[in-house]
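# Architecture and fold: a report
The lines below spell out each chain.
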Amino acid sequence: MSTYAQKKGVGAVLWDYLTTVDHKKIAILYLIAGGFFFLVGGLEAMFIRIQLAVPGNDFVSAGVYNEILTMHGTTMIFLAAMPLIFAFMNAVMPLQIGARDVAFPFLNSLGFWLFFFGGVFLNLSWFLGGAPDAGWTSYASLSLASEGHGIDFYVLGLQISGAGTLIGGINFLVTIINMRAPGMTYMRMPLFTWTTFVTSALILFAFPPLTVALFLMLFDRLFGGNFFNPDMGGNTIIWEHLFWIFGHPEVYILVLPAFGIFSEIFAIFSRKRLFGYSSMVFATVLIGFLGFMVWAHHMFTTGLGPIANAIFSVATMAIAVPTGIKIFNWLFTMWGGSIKFTTPMLYAIAFIPTFTMGGVTGVMLASAAQDYQYHDSYFVVAHFHYVIVGGVVFALLGGLHLYWPKMFGTMLNEALGKVTFWLFLIGFHLTFFIQHFLGLMGMPRRIFTFNEGQGFETANLVSTVGAFFMAVATIVLLINVVMTIAKNKKVGGDPWGDGRTLEWAIPSPPPFYNFKQLPLVRGLDPYWIEKMEGNKEMTPAEPIGDIHMPNNSFVPFVISVGLFIAAFGAMYHNEHSWGIPVLIIGMLVVFGSMFFRSVKDDHGYHIHKEELMDDDKGGKA
Amino acid sequence: MANEELNSGNPKVDIEYRRRKSAEEMRYQVVSFAMMIFLTFVAFIAVGYDISGWFTIPFILVLAIVQVGFQLYYFMHMSHKGHEAPALFLYSGVFVAFITLLAFMTIIWW
Amino acid sequence: MKADEKFTYETWPAAPEKQTLDGKNKFLGFWLFLGGETVLFATLFATYLALKDRVPNSDHYLAKDLFEIPLVFVMTMLLLTSSLTSVYAMYHMKNFNFKKMQLWLGITVLLGLAFLGLEVYEFNHYVHEYHHTFTSSAFGTAFYTLVGFHGGHVAFGLAWIITLMVRNAKRGLDLYTAPKFYVASLYWHFIDVVWVFIFTVVYLMGMVG
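Per an unreviewed UniProt entry, chain B goes by Cytochrome c oxidase subunit IVB and derives from Cytobacillus kochii.

Turning our eyes to something else, we now look at the overall build of chain A. From N to C terminus, chain A includes 20 helices and two strands. In terms of overall size, chain A behaves like a compact globule, its C-alpha atoms giving a radius of gyration of 24 Å where 621 residues would be expected to give roughly 25 Å. On the principal axes, the C-alpha backbone points of chain A span a range of 70 × 60 × 50 Å. When each of the 621 residues of chain A is scored for burial, the buried share is 55%.

Interfaces are often sized by the accessible area lost when the parts come together. If you look at the interface, chain C gives 31 residues, while chain A gives 32 residues. Breaking the side of chain C that touches chain A down by element, the ones donating at least two residues are α1 (21-51) and α5 (138-167) of chain C. Element by element, the count of residues in the side of chain C that touches chain A is highest for α1 of chain C, at 15 residues. Here the residues of the side of chain C that touches chain A sort into 16 nonpolar, 11 polar and four charged.

Next up on the list: the domain arrangement of chain A. Residue and element names in this part refer to chain A. When cut into domains, chain A gives domain 1 (10-553 + 602-618) and domain 2 (554-601). Placing a centre on the C-alpha atoms of domain 1 and another on those of domain 2 gives a separation of 29 Å. Contacts between domain 1 and domain 2 engage 17 residues on the former and 15 residues on the latter. Counting only elements with at least two residues in the side of domain 1 that touches domain 2, the list comes to α1 (10-19), α4 (105-124) and α6 (150-178). Looking at the side of domain 1 that touches domain 2, the element that brings in the most residues is α4, giving seven residues.

Before going further, it helps to examine the confidence of the model for chain A. Atom-level detail of predicted coordinates should not be read off regions where pLDDT is low. All names here are of chain A. Scored by pLDDT, chain A comes out at a mean of 94, with 98% of its residues at no less than 70. For residues 1-5, every residue scores under 50 in pLDDT, and the model assigns this stretch five contacts once sequence neighbours within four places are set aside. Of the regions scoring below 50 in pLDDT, residues 617-621 engages in five contacts with residues more than four places distant in sequence or in other chains.

A word on the interface of chain B and chain C. Of the residues lining the interface, 45 residues belong to chain B; the matching set on chain C comes to 41 residues. Sort the elements by how many residues they give to the side of chain B that touches chain C and helix α1 (residues 11-48) of chain B lands first, with 15 residues. Counted by class, the side of chain B that touches chain C contains 29 nonpolar, 13 polar and three charged residues.

Bringing unusual backbone geometry into the picture now. Where the residue is not glycine, phi is negative for most of them; where a peptide bond is considered, it is trans in most cases. All names here are of chain A. Residue P509 is bonded to the preceding S508 through a cis peptide linkage, with omega at -15°. For N488, which is not glycine, the phi torsion reads 55° and is therefore positive. Mapped onto the elements, N488 comes out in the loop between α16 (457-487) and α17 (526-532).

On to the UniProt feature "transmembrane region" (unreviewed entry) in chain B. All names here are of chain B. Per the UniProt record, "transmembrane region" (unreviewed entry) is found at residues 28-49, 55-76 and 88-109. In this annotation, residues 28-49 is assigned 95% helix and 0% strand; the end-to-end C-alpha distance for the span is 31 Å. Between the first and last C-alpha atoms of residues 55-76 the distance is 31 Å; the span itself is 95% helix and 0% strand.

Attention now moves to helix α14 (residues 378-408) of chain A. Of all the bends found along α14 of chain A, the most pronounced is centred on L402 of chain A and spans about 45°, while P405 of chain A, a proline, follows it within four residues. Phi for G409 of chain A, located one or two positions after α14 of chain A, is positive at around 80°.

Moving on, we get to the packing of α1 of chain C against α5 of chain C. Residues and elements named next belong to chain C. Between α1 and α5, whose axes approach to 9 Å, the crossing angle comes to 155°. In terms of their interaxial angle, α1 and α5 are classed as roughly antiparallel. α5 is crossed by α1, and the crossing has left-handed handedness. For the pair α1 and α5, contact is made by L44, F45, T47, Y48 and L51 and by A138, F139, A142, F143, T145, L146 and F149, respectively. Partitioning the contact of α1 with α5 into residue classes produces 10 nonpolar, two polar and no charged.

What follows deals with the nonpolar core. All names here are of chain A. L173, A213, L254, F262 and A567 are the most contacted members of the largest nonpolar core, which totals 287 residues. Element by element, the count of residues in this core is highest for helix α8 (residues 237-270), at 23 residues. With sequence-adjacent residues up to four places away left out, A567 is seen in contact with F121, L156 and I160.

This part takes up the environment of S58 of chain C. Residues and elements named next belong to chain C. Within the secondary structure, S58 sits in the loop between α1 and α2 (63-66). What makes S58 exposed here is the crowd of 6 C-beta atoms within 10 Å. A sequence separation of 21 residues divides S58 from E37, and the C-alpha atoms of the two residues are 35 Å apart.

Analysis parameters
Residues numbered from 1 in each chain as written. Chains lettered and ligands numbered in written order. Predicted model: local features only at pLDDT ≥ 70, side-chain atom pairs only at ≥ 80, totals over all residues. Helix = DSSP H or I, 4+ residues; strand = E, 2+ residues; numbered from the N terminus. Rg over C-alpha atoms; globule rule 2.2 N^0.38 Å. Buried ≥ 20, exposed ≤ 12 C-beta atoms within 10 Å, placed from the backbone. Contact = placed C-beta atoms within 7 Å. Nonpolar A, V, L, I, M, F, W, Y, C, P; charged D, E, K, R; others polar. Domains from an automatic or database assignment. pLDDT = per-residue confidence, 0-100. UniProt positions renumbered as here; feature names shortened; annotations may be inferred. Bend = angle between axes of the 7 residues up to and from the residue. Axes fitted to C-alpha atoms, helices over the stretch in contact; angles between N-to-C directions. Parallel < 35°, antiparallel > 145°, perpendicular 65-115°, else oblique. Left-handed = near helix turned anticlockwise from the far one by under 90°. Core = buried A, V, L, I, M, F, W, Y, C linked by C-beta atoms within 7 Å.

Structural data, given as structure tokens:
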């Protein structure tokens, strides 16, 4: 089973990626798929801005606009941001804790393929009768009235990809709890690992409500259920609660890993240990905890009553406290450090004021009385783009530059990286800052056009110009990626020169077994500690021995295809007689491959000591 | 009650000890089963006799929670060592579950 | 320690389900999954409670007209007993007595099948006697979704345990199979935990009104 150190054909590489259970390769798959959906969602954003550039525009019709708007939000959250974050978690977290792989390599692969086929399913709606058009929140009163199959694509696609995310969350939790290297105590874990841990816990508890909500919607739309139908005793508010019990933690699921990436960037490029490490951990856990008690602030105007509104309002404002702790810790990390203004560091520095602005408008929106004014206006649009783009997307772009060498062994071009950064930063603020004022002037969100003379013309045009800046920035980034791959200039294990944590102590990209010998961790920032004592590498915690590795498997792909097929059957069963048989065939594929998996023994294989020794002399693995 | 770090150095003694330990544990489990059956009886009887709902509902809910405690701590071995992480996550789940239930009992209809 | 190493009664470890790293991971991962399942069922319970007795008009039967004590009591006893029998199975697993483990698992499966049979009868009864169906009212939809989700879990658990029993009939116990059996029994207990709340919240509280 030694599959390494050989040149392989395209087919073999493809097969390798289809069956891989290696967390580093799965990270690359997440990066490619998430990156693709990011471009799709970005294209949809451009269509939105083009449509709104001038009053009375007819670039797209109102119906198509609704579809574009829904798919922009859904794609960006579920199919771009989440998988891209999973890409970094997969690529970096096991290395940071000194593990050879994740706890469940097979499930890791299954998680990816479920997400992928869910995403493909959702996007196929464009070609099969129209995309979902009830907004990414898909409120029941809208989505039950929506004709065609758009909403069904939303429900089934998210159900499949949501299952993948839940699996991923459990996998990361078990990995962090059970597989830390000797000496890696909880309070020595890098902050990115900590945020991965808390995020995974949030996934574990937030995705089941989404699963249930999607099932209820599925039953109502396709199987004659009455959950949300008031005529039959149902209640449409139930969807809103379920969606936001999931939806609000989801915001923290996205932003906490972003905080983790920034914490790494600040420490590395200030060449100082992270200020207030333990308070950072505390703040992360506290944000995760509070994240479950604030969902109804999305529903202030549904009429929950003054008591409920007041409770959720205060709880929401409380979240500003741990977030504030974090902001100050980052500032103090930089204070007195010898700062290097690399591309990742630029994103991190730009993140602080940008995210703080989003946080401040968040506190404004948290006040229930004020929220009645802001609700469903462009002010809200500006707010959440400041936190999600200013927090998450900046982190993803910064993290991409930071971890690219670790994932691929080459460096992205710094000059082009900085061009991307400046274009993106300027474009972002140009697009969204002015939307605060559009909102305050009364422009409602999700509107497909506006009239001349309402006073929205200039601001909307400015906003559209900003969007083009961001589009150009993305194109520059793509050019950068292509150029870097073409040049293929290899770098060493610690290309930034100031790596602090374990991932920088091993080659880039790491050998498939990660650590030949598990490292001994002697404190926070273990690699930095060794460097300060003049050591070139980590002290091993074990002698060289056989390494146990899992076998590749094609089963995750097949399971996901099975669900993909079953979803088509479920969707069309009311109007086509082949619906139910297709549903059954799909589920048979799913359960059949699960059965195959459980019946077939899979003990993995061992890399022998001698081969590991040979690697040393023979060079690259 | 954890029987993981039992090492007297003598495998025969260890086996004897472990066997007695798990037999003792089995007794606990049978007792908890008897308790669970008893609690179920009480709950059904409480409902069978037409007592006011203000008493019955909280009463049978408490019985259910006690019974689930037996199930978790004896049948699912949560009283053993090495269940710290499972307990943490289970109770976090219970916390989210509680908040959800509370919300659905109070602010769904008005 | 290799996962497929052969054991004797003497060498069998005290906690075979957690002896290997794979076993430890499976054990913890499954408990975490149960934490998530707790939220999943809580959400279904919450939805049921919000929609209990919500019907379009007075022609529909309500909870207190539908449920009958004897049937639910028998179902509860069956499932509780099956929980005890799976405890017995794990007791014999820890004592490296494969045959007795299989026997007790077999009894667990039979009890579970009896439970499922009664549930099918019950649903059928409601549909035909009371016209209380999945589509007849929000109450009906919520009831069948909650109880049906539990029934689905029972069915899946049965299929799982049967697969394990058949698959490992020849191989017996080792450190590769022990965690699989252990985790399946955890799942079975969890199904029972959920049922305790279903008979209390849905049936008993339903009868109280």
